[in-house]
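Now for the letters of each chain:
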Amino acid sequence: MIRIILIVLLFFAAVALSPMLIDEKGYILIAMGDITIESTVVTAVILLTVLFIALMIALKVFKGGLNISLGTWRKFSGAGRKRAEQNFRKGIAAYVLGDYQQAEQLLAKSADAGQQEEAAYLVAAHAAQAQSMDSNANHYLTKLDQDTASQRNTNLESILVKLDILMTQNKLADARALMDQHHTKICHDSRLLAKEIELSLQELRFDNAISFIAKARKAKDVDTTKVQRWTQQAFEGKFNELLKQHSNDALHNYWQSLSRKDKQNDEIIIAYCRVLAKANINEPLEKLLVPVIKKGVNQNLINQIKLFPLHKPTALLSAVQKHLQSSPQNSFWLSCLGHLAASNQDWPLAERAFNSLLNSGDDASQNDDVDIATFGHVLAAQGKFEQATKVLLAK
């Protein structure tokens, strides 16, 4: 700074002394139209120098002010970004903890501030849907569409959340349009495959669901329990559809057309038998189930059989009683006998079976909710309300 001041002083001294040394002040005339400006060289140089210094000072002041403004802007923008990050973290935590109202508010704020917009809007939409606030959920999905409109490939997670919300709102046509738009990705992602199956079941498109369930069985990362549930739903829906829209023969023919592997699938057998039982179609039902009871190997299937709404399951009762002849205190077969006798409305036989079951010493049987509930029903059907109440309260 001192160097600059010295240079300026030397310059002024040179300008002031030069005319004296040469004894000639010089003369300047500027003419613009009717306007003329007259000045000596010394005066002009001094004015220009002063103007130059003024400009330098102005630039210095402006630059300092600009630096202050940028620093202030960075400070405020940084604070805003940190606040958005904090809202995002709090929103995710609130969502995990089930506080969907708080999660929706925080995530919407963080998305509006530009903090992970897609993830924030997706979770906010799902949180709104969890509160049954369809309009809010749709609003966030619209915002998401606007923000991702310029992207070439839509994020798969975004598709999955949209499908889930649309299906929850029962907007099946919109969900199907979205699914068909991305149908090429179904076989490449098990999550989208699962949504295709669930959507097909909601649409009552059972053949479509069954075809995709076959693919889900081959996928290693699809939950087996879900596949079993889907299989029962899809085939039971298909069997009911054939029975209602066509005839018993159409149902029988479809069953016969299934592969041997499908006919040995517990979920498909359960679906078929449940439909037959509800329709009181006993002959094919007993033909299918009596061998299962006689073998007594597949306890999972037998436990399902005893809960079917069976109509006069005489042949099944006989098969169960043969097992009890060799093992009278077997809790598994006593439970089956009690349920089948109750279905046959043979109340005394059912009561004896359940009494024997409770006195068998098998803790698991004594605490089985289904057995206790059926026993209470059997006693009530005979007018033994006090005993029924004791049985139910004892649980």
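Look above for the structure.
Residues numbered from 1 in each chain as written. Predicted model: local features only at pLDDT ≥ 70, side-chain atom pairs only at ≥ 80, totals over all residues. Heavy atoms only, no water.

Caption draft 1: Examining the packing of helix H10 (residues 224-245) against helix H11 (residues 248-257) more closely. Running from N to C, H10 and H11 point in directions that differ by 140°, and their axes come no closer than 7 Å. Side by side, H10 and H11 meet where Phe235, Lys238, Phe239, Leu242 and Leu243 of the first sit next to Asn248, Ala250, Leu251, Tyr254 and Trp255 of the second. Tallied by class, the residues present in the contact of H10 with H11 amount to eight nonpolar, one polar and one charged. (Axes fitted to C-alpha atoms, helices over the stretch in contact; angles between N-to-C directions. Helix = DSSP H or I, 4+ residues; strand = E, 2+ residues; numbered from the N terminus. Contact = heavy atoms within 4.5 Å. Nonpolar A, V, L, I, M, F, W, Y, C, P; charged D, E, K, R; others polar.)

Caption draft 2: Summary view of the packing of aromatic side chains. Tallied over the entire structure, the rule returns seven aromatic pairs. Summarising the aromatic geometry, the rings of Phe235 and Phe239 are spaced 6.0 Å apart at their centres and angled 45° between planes, so their arrangement reads as tilted. Here the residue Phe235 and the residue Phe239 both occupy positions in helix H10, the gap between them amounting to four residues, near one helical turn. For the pair Phe239 and Tyr254, a centre-to-centre distance of 6.0 Å together with 75° between the ring planes defines the contact as edge-to-face. Placement of the pair is Phe239 in helix H10 and Tyr254 in helix H11, with a sequence separation of 15 residues. Tyr254 shares its class with Phe239; the two are buried. A connected cluster of aromatic rings, assembled from ring pairs, spans Phe235, Phe239, Tyr254, Trp255 and Tyr272. Geometry around Tyr254 places Lys238 over its ring, the cationic atom sitting 5.5 Å from the centre. (Phe/Tyr/Trp six-rings, centres within 6.5 Å; stacked < 30°, edge-to-face > 60°. Buried < 20%, exposed > 50% of the residue type's maximum accessible area, 1.4 Å probe, protein only. Lys NZ or Arg CZ within 6 Å of the ring centre and 35° of its normal.)

Caption draft 3: Representation of the environment of Leu317. Along the chain, Leu317 turns up in helix H16 (residues 314-326). Leu317 sits in the buried class, given a relative accessible area of 6%. Between the C-alpha atom of Leu317 and that of Gly338, which follows or precedes it by 21 residues, the distance is 9.5 Å.

Caption draft 4: Representation of the side chain of Glu104. Position of Glu104 relative to the elements: it lies in helix H3 (residues 100-112). Beyond its immediate stretch of four places on either side in the chain, Glu104 contacts Ala124, Ala127, Ala128, Gln131, Met133, Asn136 and Tyr140.

Caption draft 5: Quick look at a nonpolar patch on the surface. A contiguous nonpolar surface patch, about 340 Å² in accessible area, is contributed by Phe52, Met56 and Leu59. One can find Met56 in helix H2 (residues 41-96). By relative accessible area, which is 46% here, Met56 ends up partly exposed. (Patch = residues over 30% accessible without salt bridge, like charges linked within 9 Å, V, L, I, M, F, W, Y side chains within 5 Å. Areas by Shrake-Rupley, 256 points an atom, 1.4 Å probe, with all protein chains shown as cover. Salt bridge = Lys/Arg side-chain N within 4 Å of Asp/Glu carboxyl O.)

Caption draft 6: A look at the side chain of Asp371. When you line up the elements, Asp371 lands in helix H20 (residues 369-381). Among buried charged residues, Asp371 stands out as having no salt bridge; its nearest opposite-charge side chain is Lys306, 4.2 Å away. A distance of 2.7 Å separates a polar atom in the side chain of Asp371 from a polar atom in the side chain of His339. (Lys, Arg positive; Asp, Glu negative; His and termini not counted. Polar contact = N/O pair within 3.5 Å; in protein donor to acceptor, adjacent residues only side chain to side chain.)

Caption draft 7: Geometry of a positive patch on the surface. On the surface, a cluster of positive charge is contributed by Lys215, Arg217, Lys218 and Lys261. Among the elements that line the positive patch, the one with the most residues is helix H9 (residues 206-218), at three residues. Along the chain, Lys218 falls in helix H9. (Charge placed at Lys NZ, Arg CZ, Asp CG, Glu CD.)

Caption draft 8: Broad picture of helix H17 (residues 331-343). Here H17 is 13 residues long and its end C-alpha atoms lie 18 Å apart, about the 18 Å a rise of 1.5 Å per residue gives. Ser331, Phe332, Trp333, Leu334, Ser335, Cys336, Leu337, Gly338, His339, Leu340, Ala341 and Ala342 are the residues of H17 that are buried. Residue Asn330 occupies the N-cap position of H17, its side-chain oxygen lying 3.0 Å from the main-chain nitrogen of Phe332. Two residues or fewer after H17 comes Gln345, characterised by a positive phi angle close to 60°. (Expected span 1.5 Å × (residues − 1).)

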